[in-house]
Amino acid sequence: MPDVRTPTGIAIAAGAVLVVGAVLLAAALFPPGDLSGRVFVLAVAVGGYAALVPDLRALAAVTVLAALTFVGFLANRFGELTGASSTVWSYTAAIALAALLGAGYRSMRSSSPASGMPPRPSPTALVPRPLTPDAEPVVAPPDDPSGRRAA
């Protein structure tokens, strides 16, 4: 079966578009002083992205991009990452937590069987049944055409 995963570069580009859209939405919805509302919008976007994209490298890149755009454009102005207080950087933990929760959800969802599929047999179902007293044990196929058995 061929590998049908999305290339990492395409996944990062789609995540970057998502982050820019979330930043614009957060800036439109919340005033500049409401950092918790702004980080919430970015955390929801990154968590949703993590729940959909299986590539962890792309998820890491998008999470870092979201944290940097939050600090640079939503908390500060004009993309300045220096001079920000440590409280501003502590808000980025919410973005990282959302990415972790989204990746965990995707992992759990992909490991559970799809609905409508028969359940996988348990290991105990593969244990052979004991022979009944009237059953003849068969050890090997017939050795010769006359039908005599080897054991």
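Residues numbered from 1 in each chain as written. Predicted model: local features only at pLDDT ≥ 70, side-chain atom pairs only at ≥ 80, totals over all residues. Heavy atoms only, no water.

## Side note on the packing of helix α1 (residues 8–29) against helix α2 (residues 35–52)
Going by this rule: Axis lines are fitted to C-alpha atoms, over the contacting stretch for helices. Their N-to-C directions set the angle, which ranges from 0 to 180 degrees. The numbering of helices and of strands both runs from the N terminus, where a helix is a DSSP run of H or I of at least 4 residues and a strand a run of E of at least 2. Oblique is the label for any angle not under 35 degrees, not over 145, and not in the 65 to 115 range, which are roughly parallel, roughly antiparallel and roughly perpendicular in turn. A crossing counts as left-handed when the near helix is turned anticlockwise from the far one by less than a right angle, and as right-handed when that turn is clockwise. A contact between two residues is defined here by any heavy atoms of the two lying within 4.5 Å.
Look at α1 against α2: their axes get within 9 Å of each other, and the N-to-C directions meet at 155°. Judged by the inter-axis angle, α1 sits roughly antiparallel to α2. Of the two possible hands of crossing, α1 and α2 adopt the one that is right-handed. The segment α1 lies against α2, with Ala11, Ile12, Gly15, Leu18, Val19, Ala22, Val23, Leu25, Ala26 and Ala27 engaging Arg38, Val41, Leu42, Ala45 and Tyr49.

## Details of the environment of Ala22
Among the structural elements, Ala22 can be located in helix α1. Separated by 44 residues in the primary sequence, Ala22 and Ala66 place their C-alpha atoms 9.0 Å from one another. What Ala22 contacts, discounting residues up to four positions off in sequence, is Val41, Leu42 and Ala45.

## Points about the nonpolar core
Just so we agree on the cut-off: Among buried residues, the Ala, Val, Leu, Ile, Met, Phe, Trp, Tyr and Cys ones that are joined through side-chain atoms within 4.5 Å form a nonpolar core. The rule is simple: take the accessible area with a 1.4 Å probe, protein chains only, and divide by the maximum for that residue type; under 20% is buried, over 50% is exposed, in between is partly exposed.
With 25 residues, the main nonpolar core has Leu42, Tyr49, Phe70 and Ile95 as its most contacted residues. Residue assignment for this core shows that the elements contributing at least two residues are α1, α2, α3 (56–75) and α5 (92–111). Element by element, the count of residues in this core is highest for α2, at 8 residues. Here Ile95 is in contact with Val39, Leu42, Ala43, Val46, Thr63, Ala66, Ala67 and Phe70, once residues within four sequence places are set aside.

## Points about a nonpolar patch on the surface
Our working rule: What makes a patch is a set of residues exposed beyond 30% relative accessible area and free of salt bridges, joined within 9 Å when like-charged and within 5 Å when nonpolar (Val, Leu, Ile, Met, Phe, Trp, Tyr). We get accessible surface area from the Shrake-Rupley algorithm with a probe of 1.4 Å; when it comes to residues, only the shown protein chains can shield them. Should a side-chain nitrogen of Lys or Arg be within 4 Å of a carboxyl oxygen of Asp or Glu, the pair is scored as a salt bridge.
A contiguous nonpolar surface patch, about 320 Å² in accessible area, is contributed by Val64, Leu68, Leu81 and Trp89. With respect to the helices, strands and loops of the structure, Leu81 is situated in the loop between α3 and α4 (86–90).

## Regarding the packing of α2 against α3
Packed helices, taken two at a time, are described by their axes: the angle between them and the distance between them. Packing of α2 against α3 brings their axes to within 11 Å, and their N-to-C directions diverge by 165°. As summarised for this structure, α2 and α3 are arranged roughly antiparallel, according to the angle between their axes. The two elements α2 and α3 cross, and the hand of that crossing is right-handed. Contacts between α2 and α3 pair Leu35, Arg38, Val39, Leu42, Val46, Tyr49 and Ala50 from the former with Ala58, Leu59, Val62, Thr63, Ala66, Phe70, Leu74 and Ala75 from the latter.

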